[in-house]
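Single-letter residue listing:
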Amino acid sequence: MKKIIFILLFISYLNGFSQYNRYFEDRCLRIDYFHSGNIEHEYFRPDELIEKTIWAGSKINLIDTFNYGKIRVMVYEKLTSKLIYSRTYSSLFEEWRTTTEGKGSCGNFSETVLIPFPKVVVNVVFQSRDSLNKWHDIASQIINTKKDFILKPKTSPSEINELHHGGNVNEKLDIAIIADGYTMADLEKMKTDFQTLKNAILKSKPYEKNADKINIWGVMAISKQSGVTNPSDSFYVKSAVGCSFNTINSDRYLMTMENKLLHDQLANAAYDQIIIMCNTNKYGGGGIYNFYSTVAAGNPQVNYLIEHEFGHAFAGLADEYYTSSVTVENFYPLNIEPWEPNITTLIGFDKKWKNMLDSTTVVPTPDSKENNNVIGVYEGGGYMKKGVYRPYIDCTMKSIHYDALCPVCLRATQWMIDFYAR
Ligand SMILES: [Zn+2]
């Protein structure tokens, strides 16, 4: 029986691999575009197409099977209309448009998506979710790599160090950690901080037991000034990839509006996930699904911060907290099942962690001491006290605890590792 399963897996592997070679070259196409609008309207406008030498993604799993995120890019062979690649992600624009500013004015954000470099003429369709979580086409772009103007990669001045070796980039999860706010004089600190972040990831569950499925790269971007911008202290610097606190008016939210600068600096790096390592001691960070994550490398909570933010960016995990300072009314409509794997409104709970519940577990599950370490359905999560439920009393996605992802978050993270790596 085992032999038959092995042969079937091998056939499906060969099949996937030949699909890749039929439609794509062994390099990468960077699609830059502008994502603009406000709470009611959104627009995608093409910007630049840029060749990138390394395709670090899987050559087997070309179609996104998770259905997470707010944006979906669908790549069709134009001749046959066959779907040959897809990926889901979210973006800073999607968050900004829900703010007071996003309700009253119009924003314009640069965004980037990487796809394998097409050999055939393709129709690239960008889709966005509506309030009912249904996908809608927003824009499309015909790309003919033999005729279109495709910029050559800009040579990044950044040296790249291999921090951890798992294997071939197409068969492993590749994480690029890029430095921001480190000058030449900060080089030793940068190297130490790379090690801190690498260890924080590889010494926590579930990454520890998957270390052979992961490559980690350190991108040594050099800034002219030390530190990152912190408007609340009137501290402004022009750092290598432009990270700043107080993103979309949230003091601890540490993101960059310099999307093109970020991707230019990463031109020579192989990555499925980007982590921006910020040279600051102030508590803060951020993480957006399949977009990037950031972390304050000098903060005493750096281990927790990176595991939490990377949980958002890599595994699509939601915040499980709902404390009053961040309680947001109606952040998740209660008549819709959220797409994140670790929260539920009970509308579509069958597809969440129901199969992990013990048959004796009461739903909703009381948040009491005897239920510590019991997988349940606990009310409160996703910034909302009522109507949104989480799977465990506590978790790295709920409070400041390093290496404490709950069993549901661990399972969702493992699914994602297995999508990229084998
Ligand atoms: Zn959790």
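None of the values given here were measured: they were computed from a predicted structure.

Caption draft 1: Looking closely at unusual backbone geometry. Following K205, the chain continues to P206 via a peptide bond in cis, the omega torsion being 0°. Within the secondary structure, P206 is located in the loop between helix 4 (187-202) and strand 10 (214-220). For N133, which is not a glycine, the phi torsion comes out positive at approximately 70°. For N133, the location among the structural elements is in the loop between strand 6 (122-129) and strand 7 (135-143). Backbone geometry places N249, a non-glycine residue, at a positive phi of 60°.

Caption draft 2: Structural context of the coordination of the zinc ion. For the zinc ion, the full set of protein donor atoms is E320 (OE), C395 (SG), C406 (SG) and C409 (SG), at a range of 2.0 to 2.3 Å. Taken together, the 4 donor atoms coordinating the zinc ion and their angles of 92 to 126° define a geometry best described as tetrahedral. Mapped onto the polypeptide sequence, the residues donating to the zinc ion form the spacing pattern E-x74-C-x10-C-x2-C. Within this pair, whereas E320 is found in the loop between helix 6 (302-315) and strand 16 (378-381), its partner C409 is found in helix 7 (residues 407-420), the two being separated by 89 residues in sequence. For C409, a relative accessible area of 0% corresponds to the buried category.

Caption draft 3: Region of the structure containing the domain arrangement of the chain. The assigned domain composition of the chain is domain 1 (2-143), domain 2 (159-316) and domain 3 (324-419). For domain 2 and domain 3, the distance between their C-alpha centroids amounts to 27 Å. If you look at the interface, domain 2 gives 22 residues, while domain 3 gives 19 residues. Across the interface of domain 2 and domain 3, roughly 1,800 Å² is buried in total on both sides, 65% from carbon and sulfur atoms. Counting across the interface, domain 2 meets domain 3 through 2 salt bridges. A salt bridge links D403 to K205; the nearest nitrogen and oxygen atoms lie 3.3 Å apart. One can count 6 residue pairs in polar contact (both at pLDDT 80 or more) joining domain 2 with domain 3. Here the residues of the side of domain 2 that touches domain 3 sort into 8 nonpolar, 9 polar and 5 charged.

Reading guide: rules and limits
- Residues numbered from 1 in each chain as written.
- Predicted model: local features only at pLDDT ≥ 70, side-chain atom pairs only at ≥ 80, totals over all residues.
- Heavy atoms only, no water.
- Helix = DSSP H or I, 4+ residues; strand = E, 2+ residues; numbered from the N terminus.
- Donors = N, O, S within 2.8 Å, 3.2 Å for Na, K, Ca; no water.
- Tetrahedral: all angles 85-135°; square planar, octahedral: opposite > 155°, others 65-115°.
- Buried < 20%, exposed > 50% of the residue type's maximum accessible area, 1.4 Å probe, protein only.
- Domains from an automatic or database assignment.
- Contact = heavy atoms within 4.5 Å.
- Buried area = accessible area lost by both parts, 1.4 Å probe.
- Salt bridge = Lys/Arg side-chain N within 4 Å of Asp/Glu carboxyl O.
- Polar contact = N/O pair within 3.5 Å; in protein donor to acceptor, adjacent residues only side chain to side chain.
- Nonpolar A, V, L, I, M, F, W, Y, C, P; charged D, E, K, R; others polar.

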